[in-house]
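Chain and residue survey
Below, each chain spelled out in residue letters.
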Protein chains: 2
Amino acid sequence: MTVFNFSAGPAVLPVPVLLKAQSELLNYQGSGQSVLELSHRSDLFETILHETESLLRELMDIPDEYRVLFLQGGATLQFSMLPLNLATNRQMVDFIDTGSWSQKAIKDAQAYATTRILASSASDGYRSIPVEAVTSDADYLHITWNNTLEGTTYTKAPQVGVPLVADFSSSILSEPIDIRQFDVIYAGAQKNLGSAGMTLVIIKDELLQRTPQSSGSYLRYDTHAKHHSLYNTPPTYSIYLTKLVLEWIKEQGFETVVQRNRQQAAALYTYLDQSTLFSNAVAISDRSRMNIPFSTGQVDLDTQFLKFAERNQLVNLKGHRSVGGMRASLYNAMPNSGVDALLSVLHRFEQGER
Amino acid sequence: MTVFNFSAGPAVLPVPVLLKAQSELLNYQGSGQSVLELSHRSDLFETILHETESLLRELMDIPDEYRVLFLQGGATLQFSMLPLNLATNRQMVDFIDTGSWSQKAIKDAQAYATTRILASSASDGYRSIPVEAVTSDADYLHITWNNTLEGTTYTKAPQVGVPLVADFSSSILSEPIDIRQFDVIYAGAQKNLGSAGMTLVIIKDELLQRTPQSSGSYLRYDTHAKHHSLYNTPPTYSIYLTKLVLEWIKEQGFETVVQRNRQQAAALYTYLDQSTLFSNAVAISDRSRMNIPFSTGQVDLDTQFLKFAERNQLVNLKGHRSVGGMRASLYNAMPNSGVDALLSVLHRFEQGER
């Protein structure tokens, strides 16, 4: 059965990546070992780790003065590690609140620092990114670049005079960004980078000079930086899958992937905006290209649509329980045929088919 | 090329597990999705998680009053989470020091609590487990059950009147244990349970009543217990691989696996004890069945042996850099043919073959 998987994450992976992983599963490059069995201290794995970092640096144009760390625990563990490592001067963190994931980051930071919300789009139901200029004198400002649940995205990094930390979990490598505008970028791998279990942290060298709050070794960025992500056993297989994903991107050219993302999102928004049944409520300038929520405005009809979609092999289109309706996540690995199939099913449903 | 992999972890996996993973890699149970692509909120994944826990409870005979958590970050993150969650009354933790991993646990706990070493085998180079009776009035006592580097193991849990926390990373599911003698057992998955990236924590319910030191949500056991390891995205593929490993154990019978482990270790120790070239220095009563260090006593000869072994398809036999010599890790997935091959290569080298 071929299905198209619109999950918000863990999410669809490129078929060539899965085929490569499958072909190498029992015997990696003639070693007689699976990547799953490779010691993290082996030359074979160290080469995988090194190549993954090199590909990332190349595709994202990461300057030398940033360190690339391969950690575990998802964005959720970063919500603790960021204040532990960076809220060390004034023990104060500023946030721009753009929805559910911002709020989780704020709540966790409160265990370690005073938190302030400089701007919020709560008043319009998080259907936009706040536009007001903000200034900060905190240890850093935290933003959520792409909001997976609400379907919004920043298009420009706010400049506030303190280090800028951005959660890129659901949009990393989906569009070009200028790393130099940020001081920390982090992302779980299970959307655009590979599989659940690996968390990417890109951090400016100078932030590693801050003395962390009293913490065990895993929770300190300087531990991982000093040991090149090999202080303890890293999530070896997730790192390997990320390498395969990055090779897949490089092979096509990053620009091709970016163009495909833009075209896919544009096609779906165009449909939704002309539809008399389905709609997307997000401010046009702030619409995410990765996560596109939509609904008929009627719970029963949404449920009918979800069933109809599933019968037509479109899975995981259900919106997050806190938002309702539907959500199509169009990560890098979503093929054009998946979006075509979604458009066709939307159209048929709108025409009355059930 | 067939090789035998004696790595201390990540380590050898059972071939039937790898074959099953390979066959399901692109299409899990007819879903049209890879396990790597499954949403952690999907019925398919929740079934995997549930079955993994059930198998563990069955094979390890885990009583109902213990919770089973599937976390990330390895034993190393537990070195922080344990004191954060459990050193909350007297903020004091007692340790028995049996080597390198004990010391790492102690060092990390010092960020959160006063630490005391009740007993240590440092004076004999960690070639034994301390035998003296100890008493404790700390928040808990921490022990390292099997010492991967030093090749020692406990055979009996110390009883000290405070909760007992044990690192079982390198011996979990290798032998029957009585969970009721412990309050927390934890283990990275990359030795006997599956792949790097998943950390198992088995914790007695009543310890979840302690109020953790101020911490973000990921670092609190109660978060994960309340959400059945689904508060945030768990390491889905590592959990799936653990399920396959547990099914493989169940199919043969746990007792068969235990017997095989005992026979393999006995065969290697018997050889080493009668050898005039190779020897193992660990006190006989405290010898690990999982990690068996040995050496010729001469660095050059050890190096020659390692090269000879590698030419004969025996890989990752090099001892940890802090110990030197050789180390054979004989985890559950090591086939008898691997130990036979090792014995043959040891014998040939001892006979003068190079």
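Source: prediction; values computed, not measured.

What follows is about the relation of the copies chain A and chain B. Its rotation angle being 180°, the transformation that places chain A on chain B also includes 0.0 Å of axial translation and leaves an RMSD of 0.0 Å. Here the transformation between the copies is reduced to the relation of a two-fold axis.

Contacts between the two partners involve 60 residues from chain A and, on the opposite side, 60 residues from chain B. It is Leu26, Leu36 and Glu37 of chain A in chain A that bury the most area against chain B; as a group they hold 13% of the surface buried on that side. Applying the counting criterion to the chain A and chain B interface returns zero salt bridges. Where chain A touches chain B, the interface holds 19 residue pairs in polar contact (both at pLDDT 80 or more).

As annotated by UniProt and renumbered to match this structure, "binding site: L-glutamate" (unreviewed entry) occupies Arg41 of chain A. Its place among the elements puts Arg41 of chain A in the loop between α1 (15–23) and α2 (43–60). You can call Arg41 of chain A partly exposed: its relative accessible area is 37%. The residues touching Arg41 of chain A, leaving out its near neighbours within four places in the chain, are Glu46, Leu230 and Tyr231 of chain A together with Arg321 of chain B.

Our focus in this paragraph is the sheet that holds strand β5 (residues 140–144) of chain B. Residue and element names in this part refer to chain B. The strand order across the open sheet formed by seven strands is β2-β10-β9-β8-β5-β3-β4, and the pairing between neighbours is mixed. Because the sheet does not close on itself, it has two edges, and the strands there are β2 (66–71) and β4 (114–120). For this sheet the average axis-to-axis angle between neighbouring strands, irrespective of direction, equals 20°. Alignment of strand β8 (residues 164–167) against strand β9 (residues 184–188), held across three bridges, turns out to be parallel. Along β9, the bridge assignment pairs Ala166 with Ile185.

The next thing to look at is the domain arrangement of chain A. Note on interface size: it is often stated as the accessible area lost on association of the parts. All names here are of chain A. What the domain assignment reports for chain A is domain 1 (16–251) and domain 2 (253–350). Centre-to-centre separation of domain 1 and domain 2, based on C-alpha positions: 26 Å. Domain 1 puts 24 residues into the contact, and the matching count from domain 2 is 26 residues. Carbon and sulfur atoms supply 55% of the area buried between domain 1 and domain 2, which totals about 2,000 Å² over both sides. Linking domain 1 with domain 2 are one salt bridge. With its nearest N and O atoms 3.6 Å apart, the salt bridge here joins Arg289 to Glu175. Put simply, the parts of the chain that give the side of domain 1 that touches domain 2 at least two residues each are β7 (152–153) and α6 (236–252). Tallying contributions element by element places α6 first for the side of domain 1 that touches domain 2, with four residues. Its residues assigned to classes, the side of domain 1 that touches domain 2 shows seven nonpolar, 11 polar and six charged.

Residues and elements named next belong to chain B. Note that Gln304 resides in helix α8 (residues 299–311). Taking the relative accessible area as the measure of exposure, Gln304 reaches 39% and is therefore partly exposed. For Gln304 and Phe349, which are 45 residues apart along the polypeptide, the C-alpha to C-alpha distance reads 9.2 Å. Setting aside anything within four residues of it in sequence, one finds Gln304 in contact with Phe349 and Arg354.

Residues and elements named next belong to chain B. Counting buried residues along β5, five of its five residues qualify, which places the element largely inside the surrounding structure. Alternating residues of β5 divide into Tyr140, His142 and Thr144 and Leu141 and Ile143, and every residue in both groups is buried. For strand β3 (residues 92–97) and β5, the ladder comprises three bridges, and the chain directions are parallel. Bridging from a neighbouring strand, Val93 pairs with Tyr140 of β5. Bridge count for β5 against β8 is four bridges, and the pairing is parallel. From the neighbouring strand, Thr144 faces β8, where its bridge partner is Asp167.

Cut-offs and rules
Every chain's residues receive numbers from 1 upward, in the order its sequence appears when written. Written order decides the labels, with chains lettered from A and ligands numbered from 1. Owing to the predicted nature of the model, reporting of local features is limited to residues with pLDDT of at least 70; listing and counting of side-chain atom pairs is limited to 80 or more, with chain, interface and lining totals taken over all residues. As a rule here, side-chain values come from all non-hydrogen atoms in the structure, and water together with hydrogens is ignored. The copies were overlaid with a least-squares fit restricted to C-alpha atoms from residues scoring a pLDDT of at least 70 in each copy. Contacts between residues were defined by any pair of non-hydrogen atoms, one from each residue, lying within 4.5 Å. Buried area: the sum, over both parts, of the accessible surface (1.4 Å probe) that disappears when the two are put together. The salt bridge criterion pairs a side-chain nitrogen of Lys or Arg with a carboxyl oxygen of Asp or Glu, the two atoms within 4 Å. Nitrogen and oxygen atoms within 3.5 Å of one another constitute a polar contact, given that in protein one can donate a hydrogen and the other can accept it, and given that sequence-neighbouring residues count only through two side-chain atoms. UniProt positions are given in the numbering used here, feature names are shortened, and annotations may be inferred rather than shown by experiment. Numbering of helices and strands runs from the N terminus, with a helix taken as a DSSP run of H or I at least four residues long and a strand as a DSSP run of E at least two residues long. Using a 1.4 Å probe on the protein chains alone, a residue whose accessible area is under 20% of its type maximum counts as buried, one over 50% counts as exposed, and one in between counts as partly exposed. By definition, two strands form a pair when at least two bridges between them are found by DSSP. In this description, a line fitted to the C-alpha atoms serves as the axis of each element, helices being fitted only across the stretch in contact, and the angle between N-to-C directions of two axes falls anywhere from 0 to 180 degrees. Those domain boundaries reflect an automatic or database domain assignment. Note on residue classes: Ala, Val, Leu, Ile, Met, Phe, Trp, Tyr, Cys and Pro are nonpolar, Asp, Glu, Lys and Arg are charged, and everything else, Gly too, is polar.

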